[in-house]
Amino acid sequence: MTAPTKPPHSHSAAPRSDGPLGQSLHGAVIDWFEENARDLPWRRPDAGPWGVMVSEFMLQQTPVSRVLPVYEQWLARWPRPADLAKDTPGEAVRAWGRLGYPRRALRLHGAAVAIAERHGGDVPTDHAQLLALPGIGEYTAAAVASFAYGQRHAVLDTNVRRVLARAVTGVQYPPNATTAAERKLARALLPEDEHTASRWAAASMELGALVCTAKNEACHRCPIAAQCAWQLAGKPEHEGPPRRGQTYAGTDRQVRGKLLAVLRDAHAPVPQAALDRVWHEPVQRARALDGLVADGLVEPLPDGMYRLPAS
């Protein structure tokens with residue numbers, strides 16, 4: 001099998017942050033960000049590191065418009081990690097509402113407990129300590145260190161990966177999972193100055209969210225369109241595996257959501273019969289309920305009763 005050819009305008013050697021490409025990207029994108037950044041509550045100075053961390057958990061696979069009201073309610077109820085740590089995991093799941101992927105609520109609660117126990121209730125500033133918190137992976141640790149503390153880290157979410165894939169590599173979409181080559185490229189492009197690096201992280205992410213979008217990209221509004229490798233190559237179509245959107249209707253995810261909604265709305269244990277009413281197919285319903293129990297999102301009680309986790 002022949003090796004795939006590189007896009008005609010891709011930059012074959014990893015660009016340097018202090019090279020002409022890196023400097024031109026940084027300046028143009030950061031200048032654009034200063035003029036066009038959305039006014040989001042977790043970007044304001046009063047959000048603090050805890051507000052940044054909460055937003056990063058909530059924004060994973062969830063659009064800003066759905067996160068905003070839940071974020072505001074969450075911070076009003078639990079303004080510090082210690083406040084959340086004192087409450088039960090079930091209350092975190094209840095407050096998560098319909099954001100989806102509710103295991104994130106359990107992980108955020110676990111992180112709050114660890115922050116209260118290990119760090120005196122303050123979100124740690126050290127990247128390694130952030131990474132050691134339960135539920136925090138490579139992306140979230142880098143994002144909190146960068147956005148909350150202005151540190152120099154490569155922050156690679158889907159939006160940033162898409163910007164780099166198009167602007168530097170010359171392809172329409174990044175791989176399905178983050179690769180070592182993407183991490184190497186992101187580190188190579190990272191500005192040396194801490195403040196500039198943290199602004200670049202936020203600015204490149206915003207560019208991917210607002211302009212360099214997955215569909216209907218607005219190249220005419222892009223501050224780096226003139227040097228974008230994908231644009232210069234004629235915007236070639238994606239050549240990898242087909243990119244399929246996630247289905248929801250009829251899936252176990254939908255059934256799990258319906259079961260959790262019953263438990264969230266109840267402030268006392270719920271009988272099996274009440275859960276049976278939310279989905280007609282008994283095998284799928286039982287599988288979904290078993291999955292919720294296994295994930296720690298639902299606690300079974302004697303006599304066929306269920307509740308959100310109390311501990």
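Residues numbered from 1 in each chain as written. Predicted model: local features only at pLDDT ≥ 70, side-chain atom pairs only at ≥ 80, totals over all residues. Heavy atoms only, no water.

The protein chain is annotated in an unreviewed UniProt entry as Adenine DNA glycosylase from Streptomyces nigra. Here is the UniProt Cofactor (unreviewed entry) comment for the protein chain, exactly as written: "[4Fe-4S] cluster". According to the UniProt record, the Sequence similarities (unreviewed entry) comment for the protein chain is "Belongs to the Nth/MutY family." (UniProt positions renumbered as here; feature names shortened; annotations may be inferred.)

A. Region of the structure containing unusual backbone geometry. Although it is not a glycine, Q61 sits at a positive phi angle of roughly 65 degrees. Mapped onto the fold, Q61 is located in the loop between α2 (48-59) and α3 (64-77). On the basis of relative accessible area, Q61 is assigned to the exposed category, the value being 58%. Positive phi outside glycine occurs at Y101, with the angle close to 45 degrees. Looking at the secondary structure, you find Y101 in the loop between α5 (89-96) and α6 (103-118). Relative accessible area serves as the criterion here: at 24%, Y101 is assigned to the partly exposed category. (Helix = DSSP H or I, 4+ residues; strand = E, 2+ residues; numbered from the N terminus. Buried < 20%, exposed > 50% of the residue type's maximum accessible area, 1.4 Å probe, protein only.)

B. Main features of the packing of aromatic side chains. Per the counting criterion, the structure on display carries three aromatic pairs. Centroid distance W42 to Y71: 5.1 Å. Interplanar angle 75 degrees. Geometry classified as edge-to-face. Note that W42 is positioned in the loop between α1 (20-36) and α2 and Y71 in helix α3, a separation of 29 residues in sequence. Each member of the pair, W42 as well as Y71, carries the same accessibility label: buried. Between W74 and W78 the ring centres are 4.6 Å apart and the planes differ by 70 degrees, which places this aromatic pair in the edge-to-face class. Overall, the relative accessible area of 1% leaves W74 in the buried class. A residue is classified by how much of its surface remains accessible, and W78, at 2% relative accessible area, is buried. An aromatic cluster of at least three residues, connected via ring pairs, comprises W74, W78 and W96. The lysine or arginine in question, R166, covers the ring of W230, its NZ or CZ lying 4.7 Å from the ring centre. (Phe/Tyr/Trp six-rings, centres within 6.5 Å; stacked < 30°, edge-to-face > 60°. Lys NZ or Arg CZ within 6 Å of the ring centre and 35° of its normal.)

C. Structural detail: the sheet that holds strand β3 (residues 305-307). Judged by pairing direction, the sheet is antiparallel, and its three strands sit side by side in the order β1-β3-β2 without closing on themselves. Of all strands in the sheet, those bounded by a partner on one side alone are β1 (270-271) and β2 (299-301). As defined by bridge partners, β2 adjoins β3 across three bridges and the pair is classed as antiparallel. By the bridge assignment, P300 is partnered in β3 with Y306. (Pairing = 2+ DSSP bridges.)

D. Looking closely at empty space enclosed by the protein. Summed over all chains, the structure comprises two cavities of 30 Å³ or more. When its volume is computed, the largest cavity comes out at roughly 120 Å³. Taken together, 15 residues make up the lining of the largest cavity; nearest its centre are R166, C212, C219, C222 and C228. Sorting the residues of the lining of the largest cavity by element identifies α9 (158-169) and α12 (229-232) as the ones contributing at least two each. No other element matches α9, which puts three residues into the lining of the largest cavity. Considering only residue class, the lining of the largest cavity consists of 12 nonpolar, one polar and two charged. A volume near 80 Å³ is recorded for the second largest cavity. If you go around the second largest cavity, the residues you meet are H153, A154, V155, L156, V160, L164, A186, L189, L190, W200, A201 and S204. (1 Å grid on protein atoms, 1.4 Å probe; cavity = no way out; pocket = protein on both sides within 12 Å on 5 of 7 lines; lining within 4 Å. Points joined across faces, edges and corners; volume = space filled by probe spheres on them. Nonpolar A, V, L, I, M, F, W, Y, C, P; charged D, E, K, R; others polar.)

E. Layout of helix α11 (residues 194-210). The terminal C-alpha atoms of α11, which comprises 17 residues, lie 24 Å apart, in line with the 24 Å expected from a rise of 1.5 Å per residue. Regarding α11, the residues found buried are A197, S198, W200, A201, A202, A203, S204, M205, E206, L207 and G208. Two to three positions downstream of the cap, the backbone nitrogen of H195 sits 3.3 Å from a side-chain oxygen, assigning the N-cap of α11 to D193. (Expected span 1.5 Å × (residues − 1). Polar contact = N/O pair within 3.5 Å; in protein donor to acceptor, adjacent residues only side chain to side chain.)

F. Here's a closer look at the nonpolar core. W50, M53, M58, W74 and L108 are the most contacted members of the largest nonpolar core, which totals 49 residues. The set of elements that each furnish at least two residues to this core consists of α2, α3, α5, α6, α8 (138-149), α13 (252-265), α14 (272-276) and α15 (282-294). Composition of this core by domain shows at least three residues from each of domain 2 (41-149) and domain 3 (252-300). (Core = buried A, V, L, I, M, F, W, Y, C linked by side-chain atoms within 4.5 Å. Domains from an automatic or database assignment.)

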